[in-house]
2 protein chains.
Amino acid sequence: MSHPEVQVLDLQVVPSKGSCFIGGNISENSGGPKAVKYGVVKDYVLNLEIVLPTGEIIWTGSNVLKNATGYNLTQLIVGSEGTLGIVTKIVLRLIPHPKFDLLMLAPFNSVEKASEAVSAIFRAGITPSAMELMEIESIKLASKLCESTAIPITEGLEAHLIIEVDGNDLDVLMKDMEAIAEVLANFEVGELYFADDAQQKNELWKIRRKASEASVAAGYTIEEDTVVPRAELPRLIKGVRALALDNGFKVVSYGHAGDGNLHIRINHPKYKKSYENEEIQTILTKIFELVKSLGGTISGEHGIGLIQKSFMPVVFDPISMELMKGIKKVFDPNHILNAGKIFDLKK
Amino acid sequence: MSHPEVQVLDLQVVPSKGSCFIGGNISENSGGPKAVKYGVVKDYVLNLEIVLPTGEIIWTGSNVLKNATGYNLTQLIVGSEGTLGIVTKIVLRLIPHPKFDLLMLAPFNSVEKASEAVSAIFRAGITPSAMELMEIESIKLASKLCESTAIPITEGLEAHLIIEVDGNDLDVLMKDMEAIAEVLANFEVGELYFADDAQQKNELWKIRRKASEASVAAGYTIEEDTVVPRAELPRLIKGVRALALDNGFKVVSYGHAGDGNLHIRINHPKYKKSYENEEIQTILTKIFELVKSLGGTISGEHGIGLIQKSFMPVVFDPISMELMKGIKKVFDPNHILNAGKIFDLKK
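This structure is a prediction, so every number in the text was calculated from the model and none was measured.

In this section: the environment of B:Phe288. Residues and elements named next belong to chain B. Note that Phe 288 resides in helix 10 (residues 278-293). Phe 288 sits in the buried class, given a relative accessible area of 0%. Distance in space between the C-alpha atoms of Phe 288 and Ile 298 is 6.1 Å, their sequence separation being ten residues. In contact with Phe 288, not counting residues within four places along its chain, are Glu 224, Thr 226, Ile 298, Gln 308, Phe 311 and Val 314.

Following this line, the structure appears as structure tokens:
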């Protein structure tokens, strides 16, 4: 998911696991399913060697866990999409890999109930290591592509939550899962399904990872990487469904519900690219205005690139945009690094 | 610890717990004992309302856990010491408070062995919630100030590690402590002491918190907030001791060893302030050059302010300094916000 500028093109048939690289991860401040517990790329980058447009090479910080020495150039480079400098060396913080994980599937006949359950789990004091939402249509499409029946599809089903906990003590994880099940019971959850072994877990994750490719193949070619406070997910889903009805397109959502990061995929009868014409741009602006009104923003992990830059003014006021352009000019006055990405800049 | 510019003045007799405010925490990107497990302030700030020098008000981001939308203005403001904008509203990420914690004191007859043990614990896959080092002199001074005998001081003792683990399952924490004890056994640790109840824990923490005030009162008036990769702590301590011998000053160190963040306090026979004359500046430059050579930097959590700014060129090359000054100009072209802090800037 490191190149948002190709996200609606047929090229994007490979899910990012196995195709993305650490340089792209840093440039996009990538996330993924485990971010809900472990944070995103920016939370692991301590120091970067970058090449400036002049050819000069600097380190942005030091190889330390805490740093209160001058402005945080490291965090400025992370997520800057290659527009400020070219990353050539990376110092990352490492943490121990957890020994165990447990995976649960939770079916819901109401996607709104599913999304309400998400924040309730965190309010109960539990932090899952993954908390993914898949709307039924995305499950059906991905299951078909994988030729898999790993996710049971029952009558009336609207969505599944895929919930993982991880850690070093299996008893604690079992207790966490019990506590999560108790919370879910308040949200009209169906029969919970626990993955028994690594193979079952892989099958479930495979379906989740194929959601993007499968949706594109089925005509859901326009993807938006919305993110809102997780407690606002129900309102986001409801709002997008209303927009779909009003504007005559089909929509399917899936993604990192625990972060409030929902990938919304649009199947429009006329337009297959987000930048194709004004009508589709107007629809997307409405979605982003909804996102903004809920305290969210237009990209949680995919970045802005070329095709999202026209929507930057929806979430940033002109003053903020000028500050960003000012920073760009400080690093790259001649506008030669990844020119035209994130925003347009006069030379 | 929110105002580095007063760190060597008598004013600083109050440890930061109870005296610092959230605005200062954000401006300095504060740390503290729990940062080793939970990160620093920057890891919790999602969005900031700031007032620019023009009087214009902007939000730096959105109220979301993941954000890949434009440059990270939020992280640029955190730690910028009030030089880019005035923070007026703050959106923080919250996490559940752990239910239990256990506290252990580990005495060492060699401060180098103590510092070697620090990184060994992390390499064993354990992440304590606090991992503090106190050299014997700081323990003696703080214990005297507190009129406390909570930390036993035995013949030949050079340092204590204060090690805390926290979480929601007491059995797991006991196992963590056992595993830590096993690691410590390889580093000539003395008899381990476990705090039995909240009162004992408070007494131990009180001594740690009084280290700064007690050191100042005893003539250790110059404090440096060094930070290195934690595996380099033994070399830092050894190097600083050698510098003290060569240059005729006394030194005592304590701090957040788990982060590699060591507060080095200097008792110089002639100079009581770091900026008093060239001789003391030369000594401090040598300390910072050592820190830099170990991959570290001059401030882990106190910031730069006025008195550390002359040392910025030790860790940043001129190009990086120019980039920072350029950013400052973008936000504050007339140099009216906290002028003179971090670096000097021509109008």
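Read on, since the account is not over.
Turning next to the sheet that holds strand 9 (residues 250-256) of chain B. Residues and elements named next belong to chain B. In space, the seven strands of this open sheet follow the order 7-4-6-5-9-10-8, with antiparallel pairing throughout. Strands at the two margins of the open sheet, each flanked by one partner only, are strand 7 (193-194) and strand 8 (222-227). Direction of pairing for strand 5 (residues 130-135) relative to strand 6 (residues 159-167): antiparallel, over a ladder of six bridges. Along strand 6, the bridge assignment pairs Glu 132 with Ile 162. Packed on one face of the sheet, helix 5 (residues 136-146) meets strand 5, strand 6 and strand 9 and runs near 90° to strand 5.

With an RMSD of 0.0 Å, the fit of chain A onto chain B corresponds to turning through 180° and sliding 0.0 Å along the axis. Put plainly, the chains are arranged around a two-fold axis. Here 100% of the contact residues of chain A are again contact residues in chain B; the copies associate through an equivalent surface.

In this section: the domain arrangement of chain A. Residue and element names in this part refer to chain A. Assigned domains of chain A: these are domain 1 (5-96), domain 2 (100-212) and domain 3 (219-311). A C-alpha centroid distance of 23 Å is found between domain 2 and domain 3. Contacts between domain 2 and domain 3 engage 19 residues on the former and 19 residues on the latter. Between domain 2 and domain 3, roughly 1,600 Å² of surface is buried when both sides are summed, and carbon and sulfur atoms account for 58% of that area.

Now for the sheet that holds strand 10 (residues 261-267) of chain A. Within a sheet, each strand pairs with its neighbour through backbone hydrogen bonds, oriented either parallel or antiparallel. Residues and elements named next belong to chain A. Taking strand neighbours across the sheet as the criterion, the seven strands line up as 7-4-6-5-9-10-8 in an open arrangement whose pairing is antiparallel. Looking at strand neighbours, the two that pair on one side only are strand 7 (193-194) and strand 8 (222-227), the edges of this open sheet. As paired elements, strand 4 (residues 100-108) and strand 7 share two bridges and run antiparallel to each other. Across the sheet, the residue bridging to Met 104 is Phe 194, located in strand 7. Helix 6 (residues 170-184) rests against strand 4, strand 6 (159-167) and strand 7 of the sheet, and its axis sits at about 15° to strand 4.

In this section: the packing of aromatic side chains. In this structure the tally under the stated criterion is four aromatic pairs over all chains. Ring geometry for A:Tyr71 and B:Phe343: centres 5.6 Å apart, planes at 85°, overall edge-to-face. Placement of the pair is A:Tyr71 in the loop between strand 2 (57-59) and helix 3 (73-77) and B:Phe343 in the segment after helix 12 (318-331), with the two residues belonging to separate chains. A single burial state applies to A:Tyr71 and to B:Phe343, both of which are buried. Over the aromatic face of A:Phe122 sits the side chain of A:Arg230, whose NZ or CZ is 3.5 Å from the ring centroid. Above the ring of B:Tyr44, the side-chain terminus of B:Arg93 is found at 4.5 Å from the ring centroid.

With 72 residues of chain A in contact, the opposing surface of chain B contributes 73 residues. Carbon and sulfur atoms supply 63% of the area that chain A and chain B bury against each other, a total of about 5,300 Å² over both sides. When the area that chain A buries against chain B is broken down by residue, the three leading residues are A:Lys66, A:Thr69 and A:Tyr71, summing to 18%. At the junction of chain A and chain B, the tally comes to six salt bridges. The partner of B:Lys66 in a salt bridge is A:Asp259, with the nearest N and O atoms 3.5 Å apart. Scanning the region where chain A abuts chain B turns up 23 residue pairs in polar contact (both at pLDDT 80 or more). Breaking the side of chain A that touches chain B down by element, the ones donating at least two residues are strand 2, helix 3, helix 6, helix 11 (312-315) and helix 12 (318-331) of chain A. If you tally residues by element for the side of chain A that touches chain B, the top one is helix 12 of chain A, at nine residues.

It is worth spelling out the confidence of the model for chain A at this point. Residue-level pLDDT values for chain A average 93, and 95% of them are 70 or greater. The model gives residues 1-15 of chain A a pLDDT under 50, and that stretch makes 43 contacts with residues more than four places away or in other chains.

What follows is about the pairing of strand 4 (residues 100-108) of chain B. Residue and element names in this part refer to chain B. The buried fraction of strand 4 is high, at seven of nine residues. Where strand 4 meets strand 6, nine bridges bridge the pair, whose relative direction is antiparallel. By the bridge assignment for strand 6, Pro 107 is matched with His 160.

Calculation criteria
Residues numbered from 1 in each chain as written. Chains lettered and ligands numbered in written order. Predicted model: local features only at pLDDT ≥ 70, side-chain atom pairs only at ≥ 80, totals over all residues. Heavy atoms only, no water. Helix = DSSP H or I, 4+ residues; strand = E, 2+ residues; numbered from the N terminus. Buried < 20%, exposed > 50% of the residue type's maximum accessible area, 1.4 Å probe, protein only. Contact = heavy atoms within 4.5 Å. Pairing = 2+ DSSP bridges. Axes fitted to C-alpha atoms, helices over the stretch in contact; angles between N-to-C directions. Least-squares fit on C-alpha atoms with pLDDT ≥ 70 in both. Domains from an automatic or database assignment. Buried area = accessible area lost by both parts, 1.4 Å probe. Phe/Tyr/Trp six-rings, centres within 6.5 Å; stacked < 30°, edge-to-face > 60°. Lys NZ or Arg CZ within 6 Å of the ring centre and 35° of its normal. Salt bridge = Lys/Arg side-chain N within 4 Å of Asp/Glu carboxyl O. Polar contact = N/O pair within 3.5 Å; in protein donor to acceptor, adjacent residues only side chain to side chain. pLDDT = per-residue confidence, 0-100.

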